[in-house]
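Residue-level listing of the chains:
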Amino acid sequence: MFRNQYDTDVTTWSPAGRLFQVEYAMEAVKQGSAAIGLRSKTHVVLGCVNKANSELSSHQKKIFKVDDHIGVAIAGLTADGRVLSRYMRSECINYGFTYESPLPVGRLVVQLADKAQVCTQRSWKRPYGVGLLVGGLDESGAHLYYNCPSGNYFEYQAFAIGSRSQAAKTYLERRFEKFMDSSRDDLVKDALLAIRETLQGESLKSSICTVAVVGAGEPFHVLDNETVQKLIDSFEIAAVDEAPAAEPDAPADQGAPADQGAPADQGAPADQRPATDEGVAPMDI
Amino acid sequence: MTKQAANWSPYDNNGGSCVAIAGADYCVIAADTRMSTGYSILSRDYSKICKLADKSLMASSGFQADVKALQKFLAARHLTYQHQHNKQMSCPAMAQLLSNTLYYKRFFPYYSFNVLGGLDNEGKGCVYTYDAVGSYERVGYGCQGSGSTLIMPFLDNQLKSPSPLLLPAQDAVTPLSESEAVDLVKTCFASATERDIYTGDRLEIVVLNADGIHRQYMELRKD
C-alpha cells in the first residue's frame, strides 16, 4: 500500500468512500504468520504456523480455547487477539451462567464483529489489528467464521489468513468440496498439508505448527507436539513433493510423497488411533 | 410511629445436613437428599453436593436458591481461572475463593452453610468449614445444617484427638481408613435422621481420592 491522504484517523472518509485506517488494520493481519481453518459436518480444525522470534524465545500463542465448543486462531497483532479471546471467553461464561447452555457460535461472532465495528467509528480508538478464525460447534452443526478488523464476518468451509496464506487458500480451494464429509483424521491431515503450503519448501515439523480440533463429543483442545509429529510422520508429509534432497530432520520421509490421490490408505492407520488425545491438561490451550 | 416489621423475608431454610471427613489420602463428603420448606417436603431426591473442581467438592445446606447461585458463581469463576492458569483450582485456592465470595455479600448474605472437602496440593484430604459470611477454617472433619447440632458432638467423640496435656498421656487418634470413614458417616446420618425432622430420605456419599470421585447412596428413614 502506498501513502494516502485521508488516512490520519479512522473517522475520516476518503473521497472514494474508503476508511484507510481500517484497511491498514487489515494489512496488519496479512503481515502476521499464517493461520488456517477447515470444517466438516461434525468437526472444525484450526492450525497455525508458529515462528519464534529467535531460537532463544518461545513462540507466541495464536490458538486460544474460548469454551469447550469454541476455539479461535488469530493472525496479526497477537496482543489484540489475546484481549479479544478474553472477551470471547467472558461472553461464553456469562451466556452459560444465564442460559445453562453453550453460546451458539453465530451469536459470538456477531458480538465480536460489533465490538470491532465500534473501533471503526470512534476518533479516540483504533481498529483491532487482528483477524480471527473462530471455529466451533453448536446445535446447528460445525461452523468456521472469519472476523475482520473492519467489523465484517464471513462463514467459511475453509480459510487461511496471514502471510503466505494464498498458498494455503489455493490448496484448500482445490479440496474444499470434500471437507463436509471428511473424517476427523482426514480433516487434520488436510490442515497439516495446508499449513505446509504456507511454509514454502521448509519442512513441516510439530515444533513450528500448532493444530487444534473441536468436534461432536470432542471438546476443543490443542493437539500436543508428539501427537502432531506422529501425524506428520504417518502421513509422510514432512517434505514437499518436488524436493529430492533428503531432509535430515524428517526421518519418516523417504522422499515418497503420499498425499496424491490416495488418502484412504494413509487414513487407515490414523483411524485406529483414538480420536481424543491422552495426557492433555484440562484447559490445554 | 412504631417501627415497621418486614412483611416478607428474602430467605427460606430448605433444611438438611452436610458432613465432611478428611483422611490421609481421601476425603468423604456427604449430605442427605431431603429438601423441605416449613413442615413440608419439597423433594426427597435433591443433591446438596456440588463438584467445583477436580479436587474440590462443596456440600451446602440452608437456602438452596442461594446455594445454587453460589455454585453457579464459583463454577464460572473456576472456568476463568482455568483459562488464565491452564490448570484446575486447588482445594485451598477454592476455599479462599469461597470465603471471599461469601464475604462480598456481607450485607445481604448467601444463606448457605457450606462445608468444602477435597484433596490439598499434597494429595492429603482436607475439609474447610464455613459460616454464612465466609469465616472459614481448615479442619479434620466438619458438619453444617439442621442436623449439625446432633452430628457434631458424635464426630467429636469419635474423631477428636485427645489433648496433649492430658495425664496419663493418651494416644493420638489413629488414622481412619476410607471404609471406616464412610461407615462413620452412615452412622451419623442414621442417628441424625431419628431426631431431626429435616434430615432423612436418602444419603449421598461422595468419596474423593487419588483414583477420582466415587459416589454412593444409602436409604434413610422417610418420616
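Procedures and definitions
- Residues numbered from 1 in each chain as written.
- Chains lettered and ligands numbered in written order.
- Predicted model: local features only at pLDDT ≥ 70, side-chain atom pairs only at ≥ 80, totals over all residues.
- Heavy atoms only, no water.
- UniProt positions renumbered as here; feature names shortened; annotations may be inferred.
- Helix = DSSP H or I, 4+ residues; strand = E, 2+ residues; numbered from the N terminus.
- Buried < 20%, exposed > 50% of the residue type's maximum accessible area, 1.4 Å probe, protein only.
- Areas by Shrake-Rupley, 256 points an atom, 1.4 Å probe, with all protein chains shown as cover.
- Salt bridge = Lys/Arg side-chain N within 4 Å of Asp/Glu carboxyl O.
- Pairing = 2+ DSSP bridges.
- Axes fitted to C-alpha atoms, helices over the stretch in contact; angles between N-to-C directions.
- Phe/Tyr/Trp six-rings, centres within 6.5 Å; stacked < 30°, edge-to-face > 60°.
- Contact = heavy atoms within 4.5 Å.
- Parallel < 35°, antiparallel > 145°, perpendicular 65-115°, else oblique.
- Left-handed = near helix turned anticlockwise from the far one by under 90°.
- Nonpolar A, V, L, I, M, F, W, Y, C, P; charged D, E, K, R; others polar.
- Lys, Arg positive; Asp, Glu negative; His and termini not counted.
- Polar contact = N/O pair within 3.5 Å; in protein donor to acceptor, adjacent residues only side chain to side chain.

You'll find chain B entered in an unreviewed UniProt entry as Proteasome subunit beta, with Xanthoceras sorbifolium given as the organism. Taken directly from UniProt, the Function (unreviewed entry) text for chain B runs: "Component of the proteasome, a multicatalytic proteinase complex which is characterized by its ability to cleave peptides with Arg, Phe, Tyr, Leu, and Glu adjacent to the leaving group at neutral or slightly basic pH. The proteasome has an ATP-dependent proteolytic activity."

If you look chain A up in an unreviewed UniProt entry, it shows as Proteasome subunit alpha type from Xanthoceras sorbifolium. UniProt, in the comment section headed Subunit (unreviewed entry), describes chain A in these words: "The 20S proteasome core is composed of 28 subunits that are arranged in four stacked rings, resulting in a barrel-shaped structure. The two end rings are each formed by seven alpha subunits, and the two central rings are each formed by seven beta subunits." According to UniProt, the comment filed for chain A under the heading Function (unreviewed entry) is "The proteasome is a multicatalytic proteinase complex which is characterized by its ability to cleave peptides with Arg, Phe, Tyr, Leu, and Glu adjacent to the leaving group at neutral or slightly basic pH."

K.L.:
Account for the overall build of chain A, with residues named and values stated.
P.N.:
Secondary structure assignment for chain A yields seven helices and 10 strands. Every one of the 285 residues in chain A was classed for burial, and the buried ones make up 51%. If you sum the accessible surface of chain A, you get close to 13,500 Å²; carbon and sulfur atoms cover 51% of it.

K.L.:
Quick rundown of the UniProt feature "domain: Proteasome alpha-type subunits" (unreviewed entry) in chain A? Include the residues and the values.
P.N.:
What UniProt calls "domain: Proteasome alpha-type subunits" (unreviewed entry) maps, in this numbering, to residues 6-28 of chain A. Structurally, residues 6-28 of chain A is divided into 39% helix and 0% strand, and its ends, taken at the C-alpha atoms, are 19 Å apart.

K.L.:
Give me the pattern of salt bridges: which residues, what numbers.
P.N.:
All names here are of chain A. Under the definition given, this model contains 23 salt bridges over all chains. Put simply, E218 and R184 hold a salt bridge, and the shortest N to O gap is 2.9 Å. Of this pair, E218 sits in strand β10 (residues 218-222) while R184 sits in helix α5 (residues 184-198), and the two are 34 residues apart along the sequence. As far as burial versus exposure is concerned, E218 and R184 are alike and both buried.

K.L.:
Mind laying out the sheet that holds strand β4 (residues 70-76) of chain A, listing which residues take part and the relevant values?
P.N.:
Whenever strands of a sheet pair, they do so through backbone hydrogen bonds, lying parallel or antiparallel. All names here are of chain A. Taken in spatial order, the five strands line up as β3-β4-β5-β6-β7 in an open sheet, and their pairing is antiparallel. Each edge of the sheet is formed by a strand with only one pairing partner; in this case those strands are β3 (63-67) and β7 (153-155). Adjacent strand axes in the sheet meet at a mean angle of 25°, parallel and antiparallel pairs treated alike.

K.L.:
Before we move on, could you go through the packing of aromatic side chains and cite the residues and values that matter?
P.N.:
On inspection of all chains with the given rule, the structure shows 12 aromatic pairs over all chains. Centroid distance F154 of chain A to Y156 of chain A: 6.4 Å. Interplanar angle 65°. Geometry classified as edge-to-face. Given a relative accessible area of 39%, F154 of chain A falls into the partly exposed group. Assessed through its relative accessible area of 22%, Y156 of chain A is described here as partly exposed. Through a chain of ring-to-ring contacts, three or more aromatic side chains come together here, namely Y11, F63, F108, Y111 and F113 of chain B.

K.L.:
Please set out the pairing of strand β12 (residues 212-219) of chain B residue by residue, giving values where relevant.
P.N.:
Residues and elements named next belong to chain B. Bridge analysis of strand β11 (residues 202-209) against β12 gives eight bridges, and the strand direction is antiparallel. What sits directly across from V207, in β12, is H214. Connecting β11 to the antiparallel partner β12 that follows it, the hairpin turn spans two residues.

K.L.:
Describe in detail the sheet that holds β12 of chain B, supporting the description with residues and values.
P.N.:
Residues and elements named next belong to chain B. Taken together, the five strands give an open sheet; going across it, the order is β10-β1-β2-β11-β12, and neighbouring strands pair in antiparallel fashion. With partners counted over all chains shown, the strands left at the sheet margins are β10 (141-145) and β12, one partner each. Each strand axis lies, on average, 15° off the axis of its neighbour in the sheet, ignoring direction. Lying on the sheet, helix α3 (residues 148-159) is in contact with β1 (17-22) and β10; it crosses β10 at an angle near 170°.

K.L.:
An account of the environment of I197 of chain B is requested, with residue identities and associated values reported.
P.N.:
Residues and elements named next belong to chain B. Tracing the sequence through the fold places I197 in the loop between α4 (178-195) and β11. For the pair formed by I197 and G16, sequence separation is 181 residues and the distance between their alpha carbons is 8.9 Å. With sequence-adjacent residues up to four places away left out, I197 is seen in contact with R34 and Y39.

K.L.:
Account for unusual backbone geometry, naming residues and giving values.
P.N.:
Along the chain, L167 of chain B connects to P168 of chain B via a cis peptide bond; the corresponding omega equals -5°. By the secondary structure assignment, P168 of chain B is in the loop between α3 and α4. At E100 of chain A, a position not held by glycine, the phi torsion is positive, near 50°. Summarising the element assignment, E100 of chain A is placed in the loop between α2 (78-99) and α3 (105-118). Of note in this structure, R164 of chain A is not a glycine but carries a positive phi near 60°. Following the sequence through the fold, R164 of chain A ends up in the loop between β8 (158-161) and α4 (165-179).

K.L.:
Just give me the short version of the packing of α2 of chain A against helix α1 (residues 64-85) of chain B, but keep the residues and values in it.
P.N.:
Two packed helices can be described by the angle between their axes and the distance between those axes. At a minimum axis separation of 10 Å, α2 of chain A and α1 of chain B run at an interaxial angle of 160°. By the angle between their directions, the pair α2 of chain A and α1 of chain B is classed as roughly antiparallel. In this structure, α2 of chain A crosses over α1 of chain B, and the sense of that crossing is right-handed. Only K72, F73, A76, L79, T80 and H83 of chain B of α1 of chain B make contact with α2 of chain A, whose side of the interface consists of R89, I93 and F97 of chain A. Residue composition of the contact of α2 of chain A with α1 of chain B, grouped by class: five nonpolar, two polar and two charged.

K.L.:
Please set out the side chain of D138 of chain A residue by residue, giving values where relevant.
P.N.:
Residue and element names in this part refer to chain A. Note on placement: D138 falls in strand β5 (residues 130-138). Summary of buried charges: D138 has no salt-bridge partner, and the nearest side chain of opposite charge, R107, is 8.5 Å away. In this structure the side chain of D138 is engaged in a polar contact, spanning 2.9 Å, whose partner is the backbone nitrogen of V105. Here S140 takes part through its side chain, which lies 2.7 Å from a polar atom of the side chain of D138. Contact partners of D138, with chain neighbours within four places excluded, come to P104, V105, G106 and H143.

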